[in-house]
Amino acid sequence: MYKYIMDRGKLYIIATPIGNLEDISARALRILSEVDLIVCEDTRVTKKLLSHYAIATPTESYHAQSSRAKENKLLSLLRDRKHLALVSDSGTPTISDPGCRLISRAHEFPEEISLIAIPGPSAVIAALSLSGFSASNFLFLGFLPHKKGRETLFNEIAQAKYTVVFYESPHRILKTLASLQDHLDDTRALVVARELTKVYEEVKRGNAREILTYFSENPEKVRGEFVVVVGPTPSLENRSK
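Along each chain, the written sequence defines residue order, and numbers are assigned to residues from 1. Under the rules for a predicted model, residues below a pLDDT of 70 receive no local features and side-chain atom pairs below 80 are neither given nor counted, while totals for whole chains, interfaces and linings still include all residues. The basis for the side-chain values is all heavy atoms of the structure; hydrogens and waters are excluded.

Examining the nonpolar core
Thought 1: Definition of nonpolar core: a set of buried residues of the types Ala, Val, Leu, Ile, Met, Phe, Trp, Tyr and Cys, connected through side-chain atoms within 4.5 Å. Any residue under 20% of the maximum accessible area for its type is buried, any over 50% is exposed, and the rest in between are partly exposed; the area is computed with a 1.4 Å probe on protein chains only. Residues Leu177, Leu180, Leu190 and Val230 are the most contacted members of the largest nonpolar core, which totals 22 residues.
Thought 2: Here a strand is any run of E in DSSP of at least two residues, a helix any run of H or I of at least four, and the numbering for each starts at the N terminus. No other element matches the 5 residues that helix H9 (residues 208-217) contributes to this core.
Thought 3: Listed in part, the 16 residues of the second largest apolar core include Tyr12, Ile14, Ala28 and Ile31.

So this is what it looks like as structure tokens:
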């Protein structure tokens, strides 16, 4: 049975650093150097990591606009017992990332393809760990929609009895904080984590009004990648202590 499994093609889902290139496991580096092909969201981004660790494995792009023909090609390689690694530009694949399509299709061939997760960095988990909020239950929203459904989501966040976490871009963070200020009262705490694991990493905790004021008064800090964590209602937070 063991030999049969070893003879399958393998698709490794590998988490890569979200900023600091040292944040990658020895196992991930070994597999990246051993597989036949690395499937990347953007080969240019991944090659910076590979070059840093002198890994010469071939790469091929796979992103939100990739065709079904590209998926078929990758699946054909796996079914031909090749070993592939799937990575995103940063963090864990399929978390706000298109890799889930390929993984879902690979599940259609359980006798031919093994899927193996190599865990590691995730901006969601890093921000939650820094927030100090209960994460026994939390809701991850990815990137909020720009228009349709946006108001509904803010209403849901305001009513949530658990921690809510989402990503935001520097172009929309002030608008998002203003919306949170409109929907949350001053007793509701949140954390904004910026540029996690990078040189200018910053974590601010307070209510929406306080954090909006801080970033409005410091426009030079409205840069990079943001994770917003909205804490649960104070009554629930108090019960968890």
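Some thoughts on the state of the cysteines
Thought 1: By convention in this document, the label disulfide applies to cysteine sulfur atom pairs within 2.5 Å. Summed over the entire model, instances satisfying the criterion amount to 0 disulfides.
Thought 2: Distance from the sulfur of Cys40, which forms no disulfide, to the nearest cysteine sulfur (Cys100) is 17 Å.
Thought 3: Looking at Cys40, the relative accessible area reads 0%, which means it is buried.

A look at the sheet that holds strand E7 (residues 163-168)
Thought 1: Strand pairing requires that DSSP identify at least two bridges connecting the strands. Pairing is mixed across the open sheet formed by 5 strands, whose spatial order is E6-E7-E10-E8-E9. The open sheet has two free edges, formed respectively by strand E6 (138-143) and strand E9 (202-207), since each of these has just one partner strand. Taking each pair of neighbouring strands and ignoring which way they run, the sheet shows an average axis angle of 15°.
Thought 2: Where strand E8 (residues 189-194) and E9 come together, 6 bridges link them in antiparallel fashion. Note on E9: the bridge partner recorded for Arg194 is Glu202. In this description, a line fitted to the C-alpha atoms serves as the axis of each element, helices being fitted only across the stretch in contact, and the angle between N-to-C directions of two axes falls anywhere from 0 to 180 degrees.

Some thoughts on helix H8 (residues 173-183)
Thought 1: Restricting attention to buried positions, one finds in H8 the residues Ile173, Thr176, Leu177, Ser179 and Leu180. An end-on view of H8 places all buried positions within 160° of arc, on one side of the element.
Thought 2: Two residues form a contact once any of their heavy atoms are found within 4.5 Å. Turning to H8, the residues buried within the fold contact helix H7 (150-159), E7, E8, H9 and strand E10 (226-230). Of all possible arcs, the one meant is that of the directions from the helix axis to the C-beta atoms.

Some remarks on the pattern of salt bridges
Thought 1: Salt bridges are identified by distance alone: a Lys or Arg side-chain nitrogen within 4 Å of an Asp or Glu carboxyl oxygen. Counting across every chain of the model gives 12 salt bridges.
Thought 2: A salt bridge links Glu112 to Arg79; the nearest nitrogen and oxygen atoms lie 3.1 Å apart. Within this pair, whereas Glu112 is found in the loop between helix H5 (100-106) and strand E5 (113-118), its partner Arg79 is found in helix H4 (residues 68-79), the two being separated by 33 residues in sequence.
Thought 3: Residue Glu225 is joined to Lys198 by a salt bridge in which the shortest nitrogen-to-oxygen separation is 3.4 Å. Of this pair, Glu225 sits in the loop between H9 and E10 while Lys198 sits in the loop between E8 and E9; the two residues are 27 residues apart in sequence, bridging distant segments of the chain.
Thought 4: The class for Glu225 is partly exposed, based on a relative accessible area of 48%.
Thought 5: The partly exposed category is assigned to Lys198, whose relative accessible area is 29%.
Thought 6: Ionic contacts of the salt-bridge type, sharing partners, join the residues Glu60, Lys70 and Lys73 into one network.

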